[in-house]
Amino acid sequence: MQRIIQINIAGRIIPIEEDAYISLKEYLNTLEKQFAKEEGKNDIIQDIENRIAELFMLRINNNVPAIDRSDVQKVIDTLGNPSDLHDGPKNENSTSNEQPSSTYQSAWEKRDFQYTHQRLLRNPYDKVLGGVCSGIAVYFDIDPIIIRLLMVVLFLTFGIGFFTYIICWIVIPAAKSREDLYNMTAGNPVTFNDIKHNVELELKDLKRRGEEMSRDLKDFFSKKK
Amino acid sequence: MTIDNTESQMRKGLLELCILGIIQREKEAYPSDILGELKEAKLVVLEGTLYPLLTRLKNAGMLSYTWKESLTGPPRKYYALTESGSEFYASLRASWNELNKAVNFLTESL
């Protein structure tokens, strides 16, 4: 549910959804800060508000009941990010003109993209259950057998090993390629949805391999007879 | 250093000249109409870059504006060149022509 409010921009009355209003307000605030030191700041803001109102009126005249978030985002894209607009004498070659069409969103995407450092990944190419042990082995560059033996000991002695393993299985993402595994530089931070998705995938894989194993065993015993 | 970056620098540098040219031709220009002309000429700019530029030119005494009633909404701001604005435009245009010639000469002879 959205509350629709009426605002007055540059002498025009515009109906706008509440969250759209909030992001518009945010945009205008950043603009004001951006131009704070500029002589004639009020003129600039006034002109920009006027243009925003004009673009909104085009939408409203198209029989749209109220301006929503996507309309606001479109207007921001057309006008440009505050950092792209301020190209006064103060900051000539800073970030101001590197990406003329960038939006708030792409700034976030960039942040995700930079998330690459050494990472522990599960090894899907050599696994008994989930590839946790061999992943750890790759990480520390030792033989997976050693880790597996250690894990078995933990399983037997305290039972802690069991839970540790399950948690590792769920939390540590699987390597998507051999390259990723050995560089340990895979992708994005893990989100809740990733984890859910991973668990589903792993359960499916485990089921498949369980069926394979029982088939093999059946074959084995039927041959014996 | 990317092509995009260099290109946008070029556009930005020439934007001032183009805006003054449009205003000179129209005698009086409404910012949204200026944007329309720039778009028609395929000189794509972020719309927001226009306004600080207009205000700066106004503060430098190159432009002046008057408010005019509009049929479709609130009064509009119309920009016009001042006397020193016309002179400024003329000299900018002359140096652009020279530059244009020089750049063409240098890059075409290769």
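Computed from a predicted model, the values in this text were never measured in an experiment. Along each chain, residues carry numbers from 1 onward, in the same order as the chain's sequence is written. For naming, the first written chain is A and the first written ligand is 1, with later ones following in the order written. Given that this is a predicted model, residues contribute local features only at a pLDDT of at least 70 and side-chain atom pairs are listed and counted only at 80 or more, while totals for whole chains, interfaces and linings are drawn from all residues.

Trainee: Describe the overall build of chain B, naming the residues involved and giving the relevant values.
Mentor: When you go through chain B residue by residue, the secondary structure sums to four helices and two strands. Per the convention used, a helix needs a DSSP run of H or I reaching at least four residues, while a strand needs a run of E reaching at least two, with both numbered from the N terminus. Helices and strands in chain B line up, N terminus first, as α-α-α-β-β-α. Neighbour density around each residue's C-beta defines its exposure: 20 or more other C-beta atoms within 10 Å make it buried, 12 or fewer make it exposed, and counts between make it partly exposed, where C-beta atoms are placed from the backbone. Within the span of chain B, comprising 110 residues, buried residues form 20% of the whole. A pair of residues counts as a contact when their C-beta atoms, built from backbone coordinates, are separated by no more than 7 Å. Considering only contacts within chain B whose residues lie at least 6 apart along the sequence, 44% involve residues at least 24 apart.

Trainee: Can you tell me about the environment of Arg11 of chain B, naming the residues and giving the values?
Mentor: Residue and element names in this part refer to chain B. Topologically, Arg11 is positioned in helix α1 (residues 3–26). Owing to 17 C-beta atoms within 10 Å, Arg11 belongs among the partly exposed residues under this scheme. Separated by 33 residues in the primary sequence, Arg11 and Val44 have C-alpha atoms spaced 8.3 Å apart. Dropping the residues within four chain positions of it, Arg11 is found in contact with Leu43 and Val45.

Trainee: Tell me about the interface of chain B and chain A, residues and numbers included.
Mentor: Between chain B and chain A, the residue contacts involve 18 residues of the former and 22 residues of the latter. Elements that contribute at least two residues to the side of chain B that touches chain A include exactly α1, α2 (31–40) and α3 (50–59) of chain B. Counting residues per element, the side of chain B that touches chain A draws most heavily on α3 of chain B, at six residues. All amino acids are sorted into three groups, where Ala, Val, Leu, Ile, Met, Phe, Trp, Tyr, Cys and Pro are nonpolar, Asp, Glu, Lys and Arg are charged, and the leftover types, Gly among them, are polar. When its residues are assigned to classes, the side of chain B that touches chain A shows six nonpolar, nine polar and three charged.

Trainee: Now, about unusual backbone geometry: what can you tell me, with residues and values included?
Mentor: Positive phi values are uncommon outside glycine, yet Asn63 of chain A reaches one of about 65°. On the basis of neighbour counts, which here come to 6 C-beta atoms within 10 Å, the residue Asn63 of chain A falls in the exposed class. The phi angle at Lys27 of chain B is positive, at roughly 70°, despite the residue not being glycine. When you line up the elements, Lys27 of chain B lands in the loop between α1 and α2. Taking the C-beta count within 10 Å as the criterion, Lys27 of chain B has 9 such neighbours and is therefore assigned exposed.

Trainee: How would you explain helix α6 (residues 132–140) of chain A if you had to name every residue and give the values?
Mentor: Buried within α6 of chain A are the following residues: Val132, Cys133, Ser134, Gly135, Ile136 and Val138 of chain A. After α6 of chain A finishes, the residue Asp141 of chain A shows a positive phi value of roughly 60°.

Trainee: Before we move on, can you summarise the pairing of strand β1 (residues 4–9) of chain A with the specific residues and values?
Mentor: Any two strands between which DSSP finds at least two bridges are classified as paired. As judged from the six bridges shared by β1 of chain A and strand β2 (residues 12–17) of chain A, these two strands associate in the antiparallel manner. Note on β2 of chain A: the bridge partner recorded for Ile7 of chain A is Ile14 of chain A.

Trainee: Describe the packing of helix α2 (residues 41–61) of chain A against helix α3 (residues 69–79) of chain A, and please don't skip the residues or the numbers.
Mentor: Residue and element names in this part refer to chain A. With axes taken as lines fitted to C-alpha atoms, and helix axes fitted only over the stretch in contact, angles between N-to-C directions fall between 0 and 180 degrees. It is at 11 Å that the axes of α2 and α3 come closest, and there the two elements cross at 135°. Classified by the angle their axes make, α2 and α3 are oblique. Read as a crossing pair, α2 and α3 show a hand that is right-handed. Listed contacts from α3 to Ile48, Arg51, Ile52, Leu55 and Arg59 of α2 are Asp71, Val75, Thr78 and Leu79. Its residues assigned to classes, the contact of α2 with α3 comprises five nonpolar, one polar and three charged. Each angle gets one of four labels, with under 35 degrees taken as roughly parallel, over 145 as roughly antiparallel, 65 to 115 as roughly perpendicular, and the rest as oblique. Rotating anticlockwise by less than a right angle from the far helix to the near helix defines a left-handed crossing, while the corresponding clockwise rotation defines a right-handed one.

Trainee: Outline the environment of Pro124 of chain A, listing residues and values.
Mentor: All names here are of chain A. Here Pro124 is to be found in the loop between α5 (104–113) and α6. In the structure, Pro124 is positioned ten residues away from Ser134 in sequence and 8.7 Å away in space, judged by C-alpha atoms. Beyond its immediate stretch of four places on either side in the chain, Pro124 contacts Gly131, Ala174 and Ala175.

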